[in-house]
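Close look at the chain arrangement
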Amino acid sequence: MTVEALMKQLFPAGHAVQIQGDILTGSAMTPKGTIAVMGTANHLAVGVETALALADFVLKVVREWPGRPILMLVDTQGQRLSKRDELLGINGYLAHLVKCLEMARLRGHRLLSLVYGEAVSGGFLSFGLMADEIHALPDAKVRVMNLPAMARITKLPLAMLEELSSASPSFAPGVENFLQLGGVCSIWSDMLSEQLANALGRQAAGDQRRQQGLQRLGRKLAHQVSQSVTACGPGDG
Amino acid sequence: MSDLSGRHRGHSYYEANARGRITHLLDAGSFREILGPTERLTSPHLELLGLPCAFDDGIVVGHGRIDGRQVLIASQEGGFMGGAVGEVHGAKLTGLLELAVQERPAAVLLLLESGGVRLHEANAGLIAISEIIRALLAARAAGIPVIGLIGGVYGCFGGMGIVARCCDSLIINEEGRLGLSGPDVIETTMGVEEFDAADRALVWRTVGGKHRLLLGEVQRLVEDDIAAFRSAALETLEQPIQDLSLEALEAEHQALSARLTDYGSCQDATEIWSQLGLHDPLQLPLLDIQSFLKATCKIGREGA
């Protein structure tokens, strides 16, 4: 779905979202009031400029519209791969965006994400994955790497990985797999504006992804392991 | 109480493994591991792939003391799959950061050595890194300083490069490398013309400790000696906590914007060093740490 078509469905009451160089920023009307909208389009690779532009927008929202919910529309092929970005410290720029979003959350801004295109690795980590709730369209493409590339790097036979992918959601790309792992909260198949209004109506409840991964039997250990660690007082190490 | 000068001078951080680093960094005998190897907590995904597992899944976490102060500590083992983050590995680190909020130690020390997401369980690994980021920032928001140490063979890359820059403060040695996409990943994907990963000098001056210090991406550059990391960690503990306020992030925003304006068109680290006003930038990679710090002490370091 194009981002224009998506926003038409998401915001029937209208929006003022600008698209500049595949970066989205602006606001939209919803039944729950005006929200801030930010994100990427056309599978944009997140480089230093993108991270800085998105962070700039988050800081502006916090300054000018305290408490306004922020919806992140995600379509990124990942981080930009270049020597120049590394030279400038791209990980510091992505971390800056991450910290700005956390600061917004701490100051009471609700953070929601909707993956409508691709959501890959570092690009996804730097904004979409920071939300209180991460949702996706059914045809969204969420991944770290495809199976042929994984086969090449891990030196495991592709046929074996394909077979195992039907048994475990950890290997192959796909929104259903991320749903099962708890990395995606739910899939929005239709009635997008209603889904958005419902999500805006819920309260943030901390990072629920490990519990969801366990309930959906996608990540059976993460929740238990982190709980075992937090249960270790100074005397029980 | 232990001495500030460090009790084990002469242990290379670069060459030590995850447990060796902890042993020499903390006060003698103070480390108590959580979910140690006797628990045999291994990755179910690696098992499914028929690959060797580690009984600690490549990360050691626990309680300890540094100069008498209670800390929580995590140490990634580069020797096991390059310190890459899988489901169990990530959950141990997330749990430790959540424990920090309950226990309120003097600091959390993160000994980072990782290529990022473990590709053998890629989806779970990516979500795990996002959970680490949220738990780390929650610990900071609760007023617990999180200090990162970097200096192992595998460097600190991928999502863990983002995690590193979410810490309050970073300590690195000259051998330490910090970035997002590793040089070999860029070469494989974009071609050798973009980044020649075999050119070691190029790699080190682009992502190595010295450049990271000059850029303001890390706060302290130390000799490759665990005792030097210990002294730097103690120094960092004396500093005021870096908060996650709007003002602090606006200041960071300005610094990062200025960096992009000033150096955005530079093709090589030596151009940046030259613009910083440093004499003879080509010689900087050759200097030992003390001479390097002396030669560059006039540079105003961001966030230092």
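All values reported here derive from a predicted model rather than from experimental measurement.

**With respect to the nonpolar core**
In terms of nonpolar packing, the biggest core is built from 131 residues, with M38 of chain A together with I133 of chain B touching the most fellow members. Beyond its immediate stretch of four places on either side in the chain, M38 of chain A contacts L24, T25, L54, F57, V58, I70, L71, M72, L73, L97, L101 and F127 of chain A. Listed in part, the 24 residues of the second largest apolar core include I66, I73, I147 and V222 of chain B.

**Topic: the layout of surface pockets**
As a volume, the largest pocket reaches approximately 1,500 Å³. Lining the largest pocket are 44 residues; nearest its centre among them are M145 and I153 of chain A together with L119, V185 and T189 of chain B. Only β6 (78-79), α5 (121-126) and α6 (147-154) of chain A together with α6 (183-190) and α7 (200-207) of chain B provide two or more residues apiece to the lining of the largest pocket. Ranked by residues supplied to the lining of the largest pocket, first place goes to α6 of chain B with 6 residues.

**Considerations on the packing of helix α2 (residues 48-64) of chain A against helix α10 (residues 246-263) of chain B**
It is at 11 Å that the axes of α2 of chain A and α10 of chain B come closest, and there the two elements cross at 150°. Between α2 of chain A and α10 of chain B, the angle falls in the class roughly antiparallel. The crossing of α2 of chain A and α10 of chain B is left-handed. Together, V48, E49, L52, A55, D56, L59, V62 and R63 of chain A of α2 of chain A and L246, L249, E250, H253, L256, S257 and L260 of chain B of α10 of chain B make up the contact between the two elements. Class assignment of the residues belonging to the contact of α2 of chain A with α10 of chain B gives a composition of 9 nonpolar, 2 polar and 4 charged.

**Considering the environment of L234 of chain B**
All names here are of chain B. Examined against the element boundaries, L234 turns out to sit in helix α9 (residues 226-237). Look at L234 and you get buried, because its relative accessible area is 3%. Expressed as a C-alpha distance, the spacing of L234 and V146, which sit 88 residues apart in the sequence, is 13 Å.

**Description of the pattern of salt bridges**
Close approach of charged atoms allows side chains of opposite charge to pair. Evaluated as defined, the whole model comprises 29 salt bridges over all chains. Across the salt bridge formed by K99 of chain A and E252 of chain B, the nearest N and O atoms sit 3.0 Å from each other. A residue pair is termed interchain when its members come from two chains, as with K99 of chain A in helix α4 (residues 90-106) and E252 of chain B in helix α10. Residue K99 of chain A shares its accessibility class with E252 of chain B, and that shared class is buried. Taking the shortest distance from any N to any O, the salt bridge between R69 of chain B and E238 of chain B comes out at 3.2 Å. One end of the pair, R69 of chain B, is in strand β3 (residues 69-76); the other, E238 of chain B, is in the loop between α9 and α10, and 169 residues separate them in sequence. Taken together, the shared-partner salt bridges in this structure form one network comprising E102, R105, R110, D132, E133 and R202 of chain A.

**Let's talk about the pairing of strand β7 (residues 111-120) of chain A**
Residues in a regular strand project their side chains so that they alternate between the two faces of the sheet. Residues and elements named next belong to chain A. Among the 10 residues of β7, 10 are classified as buried, and the element is accordingly described as predominantly covered. Of the pairings in the sheet, the one linking strand β5 (residues 70-76) to β7 comprises 6 bridges and is parallel in character. Each bridged residue has a counterpart across the sheet, and for T76 the counterpart in β7 is A119. Pairing of β7 with strand β8 (residues 133-136), which is carried by 4 bridges, proceeds in the parallel orientation. Paired with V115 across the bridge in β8 is A136. In this view, the connection linking β7 to its parallel neighbour β8 by way of α5 has right-handed handedness.

**Describing the side chain of R21 of chain B**
Residues and elements named next belong to chain B. Its location among the elements puts R21 in helix α1 (residues 18-25). Among the residues examined, R21 registers a relative accessible area of 2% and is labelled buried. Ignoring any residue separated from it by four or fewer positions in sequence, one finds R21 in contact with Y13, Y14, A16, Q76, L111, E113, G152, V153 and I226.

**Quick notes on helix α5 (residues 159-166) of chain B**
Counted residue by residue, α5 of chain B has 8 buried out of 8 residues, so it is predominantly covered. Residues of α5 of chain B that are buried: G159, M160, G161, I162, V163, A164, R165 and C166 of chain B.

**Structural notes on the pairing of strand β3 (residues 33-40) of chain A**
All names here are of chain A. Most of β3 is tucked away, with 6 of its 8 residues classed as buried. Of the pairings in the sheet, the one linking strand β2 (residues 23-30) to β3 comprises 8 bridges and is antiparallel in character. Across the sheet, the residue bridging to G26 is V37, located in β3. The loop that links β2 with its antiparallel partner β3 comprises 2 residues. Pairing between β3 and β5: 4 bridges, direction parallel. Across the sheet, residue V37 finds its bridge partner in β5, namely L71.

**Focus on the sheet that holds strand β2 (residues 59-66) of chain B**
All names here are of chain B. Here 7 strands make up an open sheet; going across it, the order is β1-β2-β3-β4-β5-β6-β7 and the pairing mixed. The sheet is open, and its two borders are formed by β1 (32-34) and β7 (220-222), each paired with just one other strand. This sheet shows a mean twist of 25° between the axes of neighbouring strands, independent of strand direction. Seen against the sheet, α9 touches β2, β3, β4 (107-112), β5 (146-150), β6 (169-173) and β7 and runs at an angle of roughly 160° to β6.

**Quick notes on the packing of α2 of chain A against α4 of chain A**
Residue and element names in this part refer to chain A. Orientation of α2 relative to α4, taken along the N-to-C sense of each, is 20°, at an axis distance of 9 Å. Looking at the two axes, α2 sits roughly parallel to α4. The crossing of α2 and α4 is left-handed. Residues V48, A51, L52, L54, A55, V58, L59 and V62 of α2 form the contact with α4, whose own contacting residues are I90, Y93, L94, H96, L97, C100, L101, M103 and A104. The residue inventory of the contact of α2 with α4, partitioned by class, reads 16 nonpolar, 1 polar and no charged.

Thresholds applied
Residues numbered from 1 in each chain as written. Chains lettered and ligands numbered in written order. Predicted model: local features only at pLDDT ≥ 70, side-chain atom pairs only at ≥ 80, totals over all residues. Heavy atoms only, no water. Core = buried A, V, L, I, M, F, W, Y, C linked by side-chain atoms within 4.5 Å. Buried < 20%, exposed > 50% of the residue type's maximum accessible area, 1.4 Å probe, protein only. Contact = heavy atoms within 4.5 Å. 1 Å grid on protein atoms, 1.4 Å probe; cavity = no way out; pocket = protein on both sides within 12 Å on 5 of 7 lines; lining within 4 Å. Points joined across faces, edges and corners; volume = space filled by probe spheres on them. Helix = DSSP H or I, 4+ residues; strand = E, 2+ residues; numbered from the N terminus. Axes fitted to C-alpha atoms, helices over the stretch in contact; angles between N-to-C directions. Parallel < 35°, antiparallel > 145°, perpendicular 65-115°, else oblique. Left-handed = near helix turned anticlockwise from the far one by under 90°. Nonpolar A, V, L, I, M, F, W, Y, C, P; charged D, E, K, R; others polar. Salt bridge = Lys/Arg side-chain N within 4 Å of Asp/Glu carboxyl O. Pairing = 2+ DSSP bridges. Right-handed = clockwise from strand over helix to strand, strands pointing away.

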